[in-house]
Amino acid sequence: MQGADTAAVVTATRVWLERAVIGLQLCPFAKAVYVNEQVRYTVSEAQTTDALREVLERELRTLAQADASVIDTTLLIHPQVLTDFLDYNDFLDIAEATVEALGLEGVVQIASFHPAYQFAGTPRDDVTNFTNRSPYPMLHLLREASVSRAVAAFPDAPNIYQQNLETMRRLGTSGWTALGLEAPVRATD
């Protein structure tokens, strides 16, 4: 991926974080690491799942070895591979197995975001799917210790998921569009 393309991917991701994730408070923990510039943005040039797995291994090791005050979380953005949501969803098993193989269970966890994200049992166009819809396919690598501290400090943590669904229902598709974000891509038929 060319430097300008990489910059555009990171910019679109940052806008999504600012307007959706932080702006709508979909993740009440995101603002602190974002403002403190502790988010690592890695735009992968991988075009195959094997290549992406190699990049994932490298990024998991980098996050686990880095000082949390410098890199607390990583967004591994992969715009050229796993653009189909079902393929992406299947890859999540490989991602989890990679965490386990590196001995990082309990150290790092992975959250999933995709332009065509669809929760099981929901229609493709259900606005609640937008909580996990990002401009590009990405794997969010989180330190378990940081997640535990954030959850302990946030008294309503168990209700975040339900609150996010309610936020998206109130906002609706037109509200999402009003955020100035590109409408998330729909899964192909």
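What you see is a predicted model, and the numbers here were worked out from it, not measured in a lab.

*Asks:* What is the right way to read the overall build of the protein from this model?
*Replies:* The helix and strand inventory of the protein stands at 6 helices and 4 strands. For the protein, the α and β elements follow one another from N to C terminus as α-α-β-α-β-α-β-β-α-α. Against the compact-globule benchmark of 16 Å for 189 residues, the protein has a radius of gyration of 16 Å, which places it among compact chains. With respect to the three principal axes, the spread of C-alpha positions in the protein is 40 × 40 × 35 Å. Taking the contacts inside the protein whose residues are at least 6 apart along the sequence as the reference set, 73% of them involve residues at least 24 apart. Looking at the protein as shown, the accessible area adds up to about 9,800 Å², and 50% of this sits on carbon and sulfur atoms. Computed over 14 positive and 24 negative side-chain charges, the separation of the two mean positions in the protein equals 6 Å.

*Asks:* Would you take a moment to explain the pattern of salt bridges for this structure?
*Replies:* Side chains bearing opposite charge may pair, as long as their charged atoms lie close to each other. Going through the model one piece at a time under the given rule, you end up with 5 salt bridges. With a closest N to O distance of 3.8 Å, R143 and D72 form a salt bridge. One end of the pair, R143, is in strand β4 (residues 138-143); the other, D72, is in the loop between α3 (49-65) and β2 (73-77), with 71 residues separating them in the sequence. For D72, a relative accessible area of 11% puts it in the buried group. Connected through shared salt-bridge partners, R40, R58 and E59 make up one network.

*Asks:* I tried to follow the pairing of β4 on my own but got confused; where do I start?
*Replies:* In summary, the side chains of a regular strand alternate between the two faces of the sheet. In terms of burial, β4 is largely enclosed, as 6 of its 6 residues are buried. Across the two faces of β4 the burial is the same, with M138, H140 and L142 and L139, L141 and R143 all buried. Bridge count for β2 against β4 is 5 bridges, and the pairing is antiparallel. Note that in β4 the partner of L76 across the bridge is L139. Pairing between strand β3 (residues 108-113) and β4: 6 bridges, direction antiparallel. Residue pairing in the sheet places I110 in a bridge with L141 of β4.

*Asks:* Mind showing me how you'd approach the layout of surface pockets here?
*Replies:* Rolled over the atoms, a probe with the dimensions of a water molecule shows which regions are left empty. Put simply, the largest pocket is a space of about 880 Å³. Along the walls of the largest pocket sit 35 residues, with C27, F29, F113, H140 and L142 positioned nearest its centre. At the level of elements, α1 (3-22), α2 (30-35), β2, β3, β4, α5 (144-153) and α6 (160-178) are the ones that each hand at least two residues to the lining of the largest pocket. The element contributing the most residues to the lining of the largest pocket is α5, with 5 residues. Residues that form the lining of the largest pocket fall into these classes: 25 nonpolar, 7 polar and 3 charged.

*Asks:* Would you explain the nonpolar core in this entry?
*Replies:* For soluble globular proteins, the rule of thumb is that nonpolar side chains tend to be buried together. Judged by nonpolar contacts, the single largest core of 25 residues is most densely connected at L52, L56, L60, F91, I110, L139 and L141. At the level of elements, α3, α4 (85-101), β3 and β4 are the ones that each hand at least two residues to this core. Top element by residues in this core is α4. It accounts for 6 residues. Those residues in contact with F91 that sit more than four places away from it in its chain are T49, L52, R53, L56, L82 and L139. Ranked by size, the runner-up nonpolar core spans 24 residues in total, among them A20, L24, Y41 and F113.

*Asks:* Looking at this model, I keep getting lost on the side chain of S134. Mind explaining?
*Replies:* With respect to the helices and strands, S134 occurs in the loop between β3 and β4. Classification of S134 as buried rests on a relative accessible area of 4%. Polar side-chain contacts of S134 include one of 3.3 Å to the backbone nitrogen of H114. Separated by 2.6 Å, the side chain of S134 and the backbone oxygen of Y136 make a polar contact. Dropping the residues within four chain positions of it, S134 is found in contact with W16, F113, H114 and P115.

Cut-offs used in this document
Residues numbered from 1 in each chain as written. Predicted model: local features only at pLDDT ≥ 70, side-chain atom pairs only at ≥ 80, totals over all residues. Heavy atoms only, no water. Helix = DSSP H or I, 4+ residues; strand = E, 2+ residues; numbered from the N terminus. Rg over C-alpha atoms; globule rule 2.2 N^0.38 Å. Contact = heavy atoms within 4.5 Å. Areas by Shrake-Rupley, 256 points an atom, 1.4 Å probe, with all protein chains shown as cover. Lys, Arg positive; Asp, Glu negative; His and termini not counted. Charge placed at Lys NZ, Arg CZ, Asp CG, Glu CD. Salt bridge = Lys/Arg side-chain N within 4 Å of Asp/Glu carboxyl O. Buried < 20%, exposed > 50% of the residue type's maximum accessible area, 1.4 Å probe, protein only. Pairing = 2+ DSSP bridges. 1 Å grid on protein atoms, 1.4 Å probe; cavity = no way out; pocket = protein on both sides within 12 Å on 5 of 7 lines; lining within 4 Å. Points joined across faces, edges and corners; volume = space filled by probe spheres on them. Nonpolar A, V, L, I, M, F, W, Y, C, P; charged D, E, K, R; others polar. Core = buried A, V, L, I, M, F, W, Y, C linked by side-chain atoms within 4.5 Å. Polar contact = N/O pair within 3.5 Å; in protein donor to acceptor, adjacent residues only side chain to side chain.

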